[in-house]
Amino acid sequence: MKKIIHVVHIHATPKEVYEAITTQKGLSGWWTTQVEAAEHEGGLIDFTFHGDFHPNMKQTTLDPNKLVEWQCVDGHANWRNNTFSFTLSDEDGETQLMFEQDYAAELSDEVYGTYNFNWGYYLWSLKQLCETGKGMPFEPAEE
């Protein structure tokens, strides 16, 4: 199976980055403005985007300031049972974030390319949120 990997250097502490990827306030500042998050290990995060893309993630591992792991449990067929990890390390006063998405099902190169591009954008948004206080999250239209 294929995997998406991104490494991003963020001029913020691992604690700040960790909070941005584990809390409702943080997640709504860089990925989508409509999110409901149970902020504990085993808790569910419901993300709202558009169309058939509304991934529901279970927070399977929360190791404060070091590692966050999710498993997609519903909300988007191409991501169901995929695992996502955010590994944080302190690198001379900034955070190195290694993001990985492991796919449970084989998809076309075009689909992987689209997801890879989108993750690049949203990880940049995460970096901007942590460094400047303002990310660039998706804003779903009112239905």
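Preceding this paragraph is the structure being described.
Residues numbered from 1 in each chain as written. Predicted model: local features only at pLDDT ≥ 70, side-chain atom pairs only at ≥ 80, totals over all residues. Heavy atoms only, no water.

Draft legend 1. Quick peek at the nonpolar core. Ranked by internal contacts, the top residues of the largest apolar core, which has 38 residues, are Trp30, Trp31, Trp70 and Trp79. At eight residues, helix α3 (residues 109-132) tops the list of elements feeding residues into this core. The residues touching Trp31, leaving out its near neighbours within four places in the chain, are Phe47, Phe49, Pro55, Met57, Trp70, Trp79, Trp119, Tyr122, Pro137 and Phe138. (Core = buried A, V, L, I, M, F, W, Y, C linked by side-chain atoms within 4.5 Å. Buried < 20%, exposed > 50% of the residue type's maximum accessible area, 1.4 Å probe, protein only. Helix = DSSP H or I, 4+ residues; strand = E, 2+ residues; numbered from the N terminus. Contact = heavy atoms within 4.5 Å.)

Draft legend 2. Quick look at the pattern of salt bridges. This model, assessed by the stated rule, comprises six salt bridges. As a salt-bridge pair, Glu100 and Lys3 come within 3.0 Å of each other at their nearest N and O atoms. In this pair, Glu100 is assigned in strand β7 (residues 94-102) and Lys3 in strand β1 (residues 3-10), connecting sequence segments 97 residues apart. Residue class for Glu100 comes out buried when judged on its relative accessible area of 16%. Taken together, the shared-partner salt bridges in this structure form one network comprising Lys3, Glu100 and Asp102. (Salt bridge = Lys/Arg side-chain N within 4 Å of Asp/Glu carboxyl O.)

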